[in-house]
Amino acid sequence: MLATFPTTAPEENNLIQCDADRGFISWLSQAGGSVAITTYQAGKLALVGWNGQQITMLLRQFSKPMGLAVNGSRLALATHHEVCLLANAPALAYEFLEDQPGRYDALYLPRMTYFTGDLNIHDLEFGREGLWVVNTRFSCLSALRVATLLKKQKGKCTHCGMYFREEDVLEIDHITPKSMEGKDEYKNLQILHRHCHDEKTTEDGSVVKYT
Ligand SMILES: [Zn+2]
């Protein structure tokens with residue numbers, strides 16, 4: 001089978017060609033789902049599915065899409081400077097196309113964006129306490145801890161109770177200091193303003209005073 005699809009940027013007059021062999025067609029027709037593929041060269045997220053008769057391909061444009069992870073109804077996509085978290089809204093999918101109700105059974109809507117900077121995230125995965133990313137730029141694994149903690153704290157500093165503002169300097173604090181056997185795990189972490197963090201560390205025993 002050979003099918004040709006226009007991209008979502010018709011002004012560039014580019015075409016993406018899709019060629020599927022019989023084995024893949026047979027498998028996809030019975031898989032009961034779609035295959036999501038990213039290609040950062042073309043800047044596309046491709047959803048390859050089955051409409052009951054033939055293979056379909058839906059393309060969406062992102063800036064340098066790379067790693068992709070699925071967890072239940074959530075989908076995380078690493079792009080050039082961000083990790084986008086999308087969630088399925090099946091109730092809205094049915095009527096997404098007014099003239100073709102029922103054409104789609106899933107509709108992924110953006111729910112959250114983590115601004116990571118350019119980390120070259122080739123892969124990522126949902127962990128027990130949030131997203132882990134393969135941070136190729138710094139050759140390490142990274143957890144998106146700040147974003148997870150901000151969400152847990154509803155955007156407020158747990159020391160002063162004020163909402164964080166864009167210009168605030170934030171720091172991650174160990175609730176029980178490491179010097180007092182506090183562990184480096186989520187339930188022992190919180191985000192504070194830098195000045196609140198300074199205040200807290202002078203009171204919580206993590207700073208030893210010599211007189
Ligand atoms: Zn504060």
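So, how was this worked out
- Residues numbered from 1 in each chain as written.
- Predicted model: local features only at pLDDT ≥ 70, side-chain atom pairs only at ≥ 80, totals over all residues.
- Heavy atoms only, no water.
- Helix = DSSP H or I, 4+ residues; strand = E, 2+ residues; numbered from the N terminus.
- Buried < 20%, exposed > 50% of the residue type's maximum accessible area, 1.4 Å probe, protein only.
- Polar contact = N/O pair within 3.5 Å; in protein donor to acceptor, adjacent residues only side chain to side chain.
- Contact = heavy atoms within 4.5 Å.
- Pairing = 2+ DSSP bridges.
- Axes fitted to C-alpha atoms, helices over the stretch in contact; angles between N-to-C directions.
- Donors = N, O, S within 2.8 Å, 3.2 Å for Na, K, Ca; no water.
- Tetrahedral: all angles 85-135°; square planar, octahedral: opposite > 155°, others 65-115°.

S.K.: Sorry, what's going on with the side chain of D173 here?
M.R.: Structurally, D173 is set in strand β13 (residues 170-174). Take D173: its relative accessible area is 2%, and that puts it in the buried class. In terms of polar contacts, D173 uses its side chain to reach the side chain of K200, at 2.8 Å. If near-sequence neighbours (up to four positions away) are discounted, D173 is found in contact with N188, L189, Q190, L192, H197, K200 and T201.

S.K.: How should I be thinking about the sheet that holds strand β3 (residues 35-39) in this particular structure?
M.R.: The pairing of strands in a sheet comes from backbone hydrogen bonds and takes either a parallel or an antiparallel form. Read across the open sheet, the three strands follow the order β3-β4-β5; overall the sheet is antiparallel. Of all strands in the sheet, those bounded by a partner on one side alone are β3 and β5 (55-61). Within the sheet, the average angular offset between the axes of one strand and its neighbour, ignoring direction, is 20°. Both strand β4 (residues 44-50) and β5 contribute to a ladder of seven bridges, which runs antiparallel. For L45, the partnering residue across the bridge sits in β5 and is R60.

S.K.: How should unusual backbone geometry be read in this particular structure?
M.R.: Backbone geometry follows two general trends: most residues other than glycine have a negative phi, and most peptide bonds adopt the trans configuration. In this structure, S139 is a non-glycine residue whose phi angle is positive, near 50°. Considering the arrangement of structural elements, one finds S139 in the loop between β11 (130-135) and β12 (140-143). Taking relative accessible area as the criterion, S139 reaches 68% and is therefore assigned exposed. Look at E181: it is not a glycine, yet its phi comes out positive at around 70°. Exposure remark for E181: the relative accessible area of 70% places this residue in the exposed category.

S.K.: Is there a simple way to think about the coordination of the zinc ion in this case?
M.R.: Reference values for coordination geometry: four tetrahedral donors around a metal ideally subtend 109.5 degrees, six octahedral donors ideally subtend 90 or 180 degrees. Coordination sphere of the zinc ion, protein contribution only: C157 (SG), C160 (SG), H193 (ND1) and C196 (SG), at 2.1 to 2.4 Å. Its four donor atoms give the zinc ion angles of 101 to 116° at the centre, a pattern that matches the tetrahedral case. Sequence spacing of the donors to the zinc ion: C-x2-C-x32-H-x2-C. Remark: H193 occurs in strand β14 (residues 189-193) and C157 occurs in the loop between α3 (145-152) and β13; sequence separation between them is 36 residues. For the residue pair C157 and H193, the accessibility class agrees, reading buried in each case.

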